[in-house]
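Chain by chain, the residues run as shown.
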Amino acid sequence: MAYATTKGAIQNFTMGLAQLLADKEIRANCVAPGPIWTPLIPSTMPPEAVKNFGENAPFGRAGQPRELASAYVMLASDESSYTTGATVAVTGGRPFI
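Below: a short report on this structure. In this text the structure is predicted, and so the values were computed from the model without any measurement.

1. Considering the overall build of the chain
For step 1, the next point in the chain: Regarding its fold elements, the chain presents 4 helices and 2 strands.
For step 2, the next point in the chain: Tracing the chain from N to C terminus, the helices and strands come up as α-β-α-α-α-β.
For step 3, the next point in the chain: Each of the three principal axes of the chain carries a C-alpha extent, and together these read 50 × 30 × 25 Å.
For step 4, the next point in the chain: In the chain, once contacts between residues fewer than 6 apart in sequence are set aside, the share between residues at least 24 apart is 68%.
For step 5, the next point in the chain: A total accessible area of about 6,900 Å² is found for the chain, and carbon and sulfur atoms account for 63% of it.
For step 6, the next point in the chain: Computed over 7 positive and 7 negative side-chain charges, the separation of the two mean positions in the chain equals 8 Å.

So this is what it looks like as structure tokens:
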């Protein structure tokens, strides 16, 4: 419950920030990663959970950190100059809302 609440708050904060800063031509966006394999996974989860981590994503696996890079690059690029208040889901097809 707390995790879901904070994710909703981040999205609402991002949208509000985007509206507040648009007249200054400052964009605010967020990336919503799904199950991504990082060093925290094996250090913070029991072995059985680590073994199955990410299997519930439609791709059947956890994502790799490098698979998030394109979302950040896209949002930082000049080609995204009209994108603000967006949430880019990098979840392997797993719903994030």
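2. Some thoughts on the pattern of salt bridges
For step 1, the next point in the chain: Taken as a whole and assessed by the stated rule, the structure comprises 2 salt bridges.
For step 2, the next point in the chain: In this structure, Lys51 and Glu48 form a salt bridge, with 3.9 Å as the shortest nitrogen-oxygen distance. Of the two residues, Lys51 and Glu48 are both situated in helix H3 (residues 47-52); the distance of 3 residues between them amounts to about one turn of the helix.
For step 3, the next point in the chain: A relative accessible area of 60% means that Lys51 is categorised as exposed.
For step 4, the next point in the chain: Residue Glu67 pairs with Arg61 through a salt bridge whose shortest N-O separation is 2.9 Å.

3. Comments concerning unusual backbone geometry
What is expected of a backbone is that most residues other than glycine have negative phi and most peptide bonds are trans.
For step 1, the next point in the chain: If you check the backbone angles, Glu25 has positive phi at about 60 degrees while not being a glycine.
For step 2, the next point in the chain: Relative to the helices and strands, Glu25 resides in the loop between helix H1 (2-21) and strand S1 (30-33).
For step 3, the next point in the chain: Assessed through its relative accessible area of 74%, Glu25 is described here as exposed.

4. Looking at the nonpolar core
Inside soluble globular proteins, nonpolar side chains tend to come together where they are buried.
For step 1, the next point in the chain: Val31, Ile36, Leu68, Ala71, Leu75, Val88 and Val90 together form the largest nonpolar core, which totals 7 residues.
For step 2, the next point in the chain: For this core, the secondary-structure elements that each account for two or more residues are helix H4 (69-76) and strand S2 (87-90).
For step 3, the next point in the chain: Ignoring any residue separated from it by four or fewer positions in sequence, one finds Leu68 in contact with Val31, Pro33, Ile36 and Val90.

What counts as what
Per chain, residues are indexed from 1 in the order of the written sequence. Side-chain atom pairs in this predicted model are given and counted only at pLDDT of 80 or more, local residue features only at pLDDT of at least 70, and totals for whole chains, interfaces and linings cover all residues. Hydrogens and water molecules were not included; the side-chain quantities draw on all heavy atoms of the structure. Secondary structure is summarised from DSSP: a helix means a run of H or I of at least four residues, a strand means a run of E of at least two, and numbering begins at the N terminus for each. Residue contacts are counted whenever heavy atoms from the two residues lie within 4.5 Å of one another. In these tables, accessible area is a Shrake-Rupley quantity obtained with a 1.4 Å probe, and a residue counts as shielded only by the protein chains included in the view. Residues scored as charged are limited to Lys and Arg (positive) and Asp and Glu (negative), so that His and the chain ends carry no count. In plain terms, the charge of a residue is placed at NZ if it is Lys, CZ if Arg, CG if Asp and CD if Glu. Any Lys or Arg side-chain nitrogen found within 4 Å of a carboxyl oxygen on Asp or Glu counts as a salt bridge. For every residue, the accessible area (1.4 Å probe, protein chains only) is compared with the maximum for its type, and the residue is labelled buried under 20%, exposed over 50%, or partly exposed between those bounds. Side-chain atoms within 4.5 Å are what join buried Ala, Val, Leu, Ile, Met, Phe, Trp, Tyr and Cys residues into a set we call a nonpolar core.

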